[in-house]
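Residue-level structure breakdown
Here's the letter readout for the chains.
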Amino acid sequence: MHRPAARPAFVEVEDLSLDFPLYHGGARSLKKTMLQAASSRVTSGLRAGSTGGAVAEDRTRRVVVEALRHLSFRLSSGERLGIVGHNGAGKSSLLRVLGGIYEPVAGRIHVGGSIDTLLDTNFGMNLDLTGRENIRLRGRYVGLSRTGIRALEDDVEAFAALGPFIDLPVRVYSSGMVVRLGFGLATAVSPQVLLMDEWFMAGDSRFRQKAHARLETVVRGAEILVLTSHMPAVLRTWCTRLLWLQAGRIVADGPVDEILARYQAGTAPVL
Amino acid sequence: MNALPPAPASLESGPRLEGGEDGLWDTQLLAPTPGSPTSRHPELLLDARLGRSRRSAAARTDLRDGLSLWRLGLSLGWLDIRLRYRGSVLGPFWLTLSSAVMVGSMGLIYGMLFHVVLRDYLPFLAISLILWQAGIGGMVSDACNSFVGAEQTIRSMRMPFTVQVIRTVFGNVIVLGHNVVVPLAVFAIFGAWPGWHALLSLPGMLLWLLDGAAACFLLGCVCARFRDVPPIVGSLMQIAYYVTPVIWKPSMLGARGWWLPLNPFDPLLDVVRAPLLGQTPTMLIWGAALGDSVLLWAAAWLLFVRARPRIAFWI
């Protein structure tokens, strides 16, 4: 395989913290925010239970969720990292930070290599546009030439097998067709670093057979995989290392079988 | 609009479309064009410890990468307009039709109110109204929506915010292009054709493009954070519409119009409008227009540098 960028991919995370501001009610309003600043009301913070991130208020009295706290780890080429943890433990937030969608409030992340994020359940498609238009936009984003976009169209069209529907708005598709198109589109690229949410592995059973081969190719092509999942079978098949998150902190980091056994037994050390 | 599938996340995402090793699909055809932003070595470095200089560098990177994705921005802007009028018979020419009706009816009423000769007044009104509504007014209200409207995309992949700015500005260029038919028809009917002199409005239009982009950066950030800003902006633009010479001519005010140059919309409107009416904007007008634009860009850039890392959390 030839990659023009010969440098091996890597992921470096150093002391990463992420605060997620929650805007509700008056915080969304310029008028109320200005009034509030004038009256300097003081409210006290709250702390949530241990499953989700802690909720607190920052200096400017914004309510923030402490989504990630002091994470440090390093992945080198060839590693497949699985992330486990309860809902709200910060798994998806971590994927979004690694993908550059959320920028950290503290610490540093450094990712070498092209990145692809498979996070969004409707694949980020615009449902009002036709299948073909969605494919072309994707091609433009990736920076393909005209012939490249044609090739992408053919590739996705062949995989999704939509027939004449490819020129109709995605909104009129059956749910199976949407999944086929989106999946074909999202997996038409093979990045060096692949960030993937668990649902991608657990797709609809009807297209699962067909999708599996294609997904496997993309995952194998990627030098680094970061995957969030609840399914032990998936983690055992795909991952070489597990990271256990709880309330935005790393509980444990190590080989799959060892961490999985501890996670399933639920023996979290007291934080 | 969520126009794009989840995609390469890095700004500097590199050559990405190598086929799988199993040869499931063609490897060579899907290589990015040389020189495209994606053919550099891909890297993503986010460091919260470096503070101000990094924020500013990151904003410059956003601008540079966004500009190199200009084709995507144009496609998105074009699709936005296509989508808005998909299923209607006349398409975007509905705008032209409604503008024509408005210019016609307002021309008659205000012509009577102001006691002016329609031959002088209607060409002025037609071009002013279209430039204001489809140009300045439309641009400002769309600018408020430039980041909020791209919520799906921004939350599912890393893409330069500049792409959304290009998209918003280009959408407005298309709308203005459809509307400009109306004043052209009025010019033809009243024999007020400006001829080659009209080309002098090109520098003004270029300035509009730049200012439109600045408005998107500025209002896009503010409106993403504070959701009550678009209605406030709407009210302010309504006031601006009346205090700017759009439906009335500056000459109607006479000496009482000394304050006109203080209204930033007046010189900005004039640098495009005057050449189309066969006049030449004075140096004073151009100076004021450029000065206002520099201030607008400075404010927009300062805000964008500060707000850019937060936008994904706000929307």
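Keep in mind that this is a model prediction, so the values were computed, not measured.

**Here we look at the overall build of chain B**
- Along the backbone of chain B there are 13 helices and one strand.
- Along its sequence from the N terminus, chain B presents helices and strands in the succession β-α-α-α-α-α-α-α-α-α-α-α-α-α.
- Burial status across chain B gives 53% buried among its 315 residues.
- Restricting to contacts in chain B with at least 6 residues of sequence separation, those with at least 24 account for 78%.
- Roughly 13800 Å² of accessible area belongs to chain B as shown, and the carbon and sulfur atoms make up 69% of that amount.

**Points about the overall build of chain A**
- In terms of helices and strands, chain A carries eight helices and 10 strands.
- Going through the 271 residues of chain A one by one, you find that 57% of them count as buried.
- Of the roughly 11300 Å² that chain A leaves accessible, carbon and sulfur atoms contribute 55%.

**Let's talk about the packing of helix α2 (residues 70-84) of chain B against helix α6 (residues 161-179) of chain B**
All names here are of chain B.
- α6 packs onto α2 with a crossing angle of 50 degrees between their chain directions and a minimal axis gap of 7 Å. Accordingly, the angle class assigned to the pair α2 and α6 is oblique. Remark: the crossing between α2 and α6 carries right-handed chirality. Of the residues in α6, those touching α2 at W70, L72, G73, L74, L76, G77, W78, D80, I81 and R84 are V163, I166, R167, F170, G171, I174 and V175.
- Taken together, the residues of the contact of α2 with α6 break down into 11 nonpolar, three polar and three charged.

**So, the layout of surface pockets**
Residue and element names in this part refer to chain B.
- As a volume, the second largest pocket reaches approximately 890 Å³.
- Contributing to the lining of the second largest pocket are 35 residues, with I136, M139, V140, D211 and F265 lying nearest its centre.
- A per-element tally of the lining of the second largest pocket places helix α8 (residues 202-225) first, with 10 residues.
- Split by residue class, the lining of the second largest pocket holds 28 nonpolar, five polar and two charged.

**Some points on the sheet that holds strand β7 (residues 193-196) of chain A**
All names here are of chain A.
- Spatial ordering of the open sheet is given by β6-β7-β8-β4-β9-β10, a layout of six strands whose pairing is mixed. Strands with a single pairing partner mark the edges of an open sheet, and in this sheet they are β6 (115-118) and β10 (249-254). In this sheet, neighbouring strand axes are inclined to one another by 15 degrees on average, regardless of whether the strands run parallel or antiparallel.
- As paired elements, β7 and strand β8 (residues 224-228) share four bridges and run parallel to each other. Following the sheet pairing, L195 is matched in β8 by V226.
- Sitting on the sheet, helix α8 (residues 256-265) is in contact with β4 (80-84), β9 (241-246) and β10, with an inclination near 30 degrees to β9.

**Focus on the environment of R214 of chain A**
Residue and element names in this part refer to chain A.
- Relative to the helices and strands, R214 resides in helix α6 (residues 205-221).
- You can call R214 buried: its relative accessible area is 5%.
- Between the C-alpha atoms of R214 and F159, which are 55 residues apart in sequence, the distance is 9.2 Å.

**Brief notes about a nonpolar patch on the surface**
- Together, V89, L90, F93, W94, L97 and V181 of chain B line one region of the surface with nonpolar side chains, adding up to about 590 Å² of accessible area.
- Residue contributions to the nonpolar patch peak at three residues, all from helix α3 (residues 93-114) of chain B.

**Digging into the environment of S53 of chain B**
- Structurally, S53 of chain B is set in helix α1 (residues 51-68).
- For the pair formed by S53 of chain B and V305 of chain B, sequence separation is 252 residues and the distance between their alpha carbons is 9.7 Å.

**So, the pattern of salt bridges**
Residues and elements named next belong to chain A.
- Across all of its chains, the model carries 23 salt bridges over all chains by this definition.
- A salt bridge links R138 to D116; the nearest nitrogen and oxygen atoms lie 3.8 Å apart. Residue R138 is located in helix α3 (residues 131-142), and its partner D116 is located in strand β6; the two are separated by 22 residues in the primary sequence.
- Exposure remark for D116: the relative accessible area of 0% places this residue in the buried category.
- Residue D154 pairs with R150 through a salt bridge whose shortest N-O separation is 3.9 Å. Taken together, the residues D154 and R150, both in helix α4 (residues 146-160) and four residues apart, mark about one turn of the helix.

**Re the packing of aromatic side chains**
- Applying the stated criterion across every chain, the model contains 16 aromatic pairs over all chains.
- Both rings, one in F165 of chain A and one in Y173 of chain A, keep their centres 6.1 Å apart while their planes meet at 90 degrees; by these two values the pair is edge-to-face.
- A relative accessible area of 29% means that F165 of chain A is categorised as partly exposed.
- On the basis of relative accessibility, which here comes to 7%, the residue Y173 of chain A falls in the buried class.
- Residues Y110 of chain B and F114 of chain B carry aromatic rings whose centres are separated by 5.7 Å and whose planes lie at 40 degrees to one another, so their mutual orientation is tilted. Taken together, the residues span about one helical turn, with Y110 of chain B and F114 of chain B both in helix α3 at a distance of four residues.

**A few points about α3 of chain B**
Residues and elements named next belong to chain B.
- When the terminal C-alpha atoms of α3 are compared, their 30 Å separation across 22 residues agrees well with the 32 Å that a helix rising 1.5 Å per residue should span.
- On its buried face, α3 is in contact with α4 (118-144), α6, α7 (181-190) and α9 (229-243).
- Looking at the residues trailing α3, positive phi occurs at H115, about 50 degrees.

**Some remarks on the confidence of the model for chain A**
Residue and element names in this part refer to chain A.
- Summarising the model, chain A shows a mean pLDDT of 79, and 80% of its residues fall at 70 or more.
- Scored below 50 in pLDDT, residues 1-5 shows 16 contacts in the model against residues more than four places distant or in partner chains.
- Confidence drops under pLDDT 50 across residues 41-50; counting only partners more than four residues distant or on other chains, this segment forms 16 contacts.

**Re empty space enclosed by the protein**
- Tallied over the entire structure, the rule returns two cavities of 30 Å³ or more.
- Here the largest cavity is characterised by a volume of approximately 170 Å³.
- Together, 17 residues line the largest cavity, and G100 and I101 of chain A together with R158, M159 and F161 of chain B are the ones closest to its centre.
- Residue assignment for the lining of the largest cavity shows that the elements contributing at least two residues are α1, α5 (151-156) and α6 of chain B.
- For the lining of the largest cavity, the residue count by class is 10 nonpolar, three polar and four charged.

Cut-offs applied
Residues numbered from 1 in each chain as written. Chains lettered and ligands numbered in written order. Predicted model: local features only at pLDDT ≥ 70, side-chain atom pairs only at ≥ 80, totals over all residues. Heavy atoms only, no water. Helix = DSSP H or I, 4+ residues; strand = E, 2+ residues; numbered from the N terminus. Buried < 20%, exposed > 50% of the residue type's maximum accessible area, 1.4 Å probe, protein only. Contact = heavy atoms within 4.5 Å. Areas by Shrake-Rupley, 256 points an atom, 1.4 Å probe, with all protein chains shown as cover. Axes fitted to C-alpha atoms, helices over the stretch in contact; angles between N-to-C directions. Parallel < 35°, antiparallel > 145°, perpendicular 65-115°, else oblique. Left-handed = near helix turned anticlockwise from the far one by under 90°. Nonpolar A, V, L, I, M, F, W, Y, C, P; charged D, E, K, R; others polar. 1 Å grid on protein atoms, 1.4 Å probe; cavity = no way out; pocket = protein on both sides within 12 Å on 5 of 7 lines; lining within 4 Å. Points joined across faces, edges and corners; volume = space filled by probe spheres on them. Pairing = 2+ DSSP bridges. Patch = residues over 30% accessible without salt bridge, like charges linked within 9 Å, V, L, I, M, F, W, Y side chains within 5 Å. Salt bridge = Lys/Arg side-chain N within 4 Å of Asp/Glu carboxyl O. Phe/Tyr/Trp six-rings, centres within 6.5 Å; stacked < 30°, edge-to-face > 60°. Expected span 1.5 Å × (residues − 1). pLDDT = per-residue confidence, 0-100.

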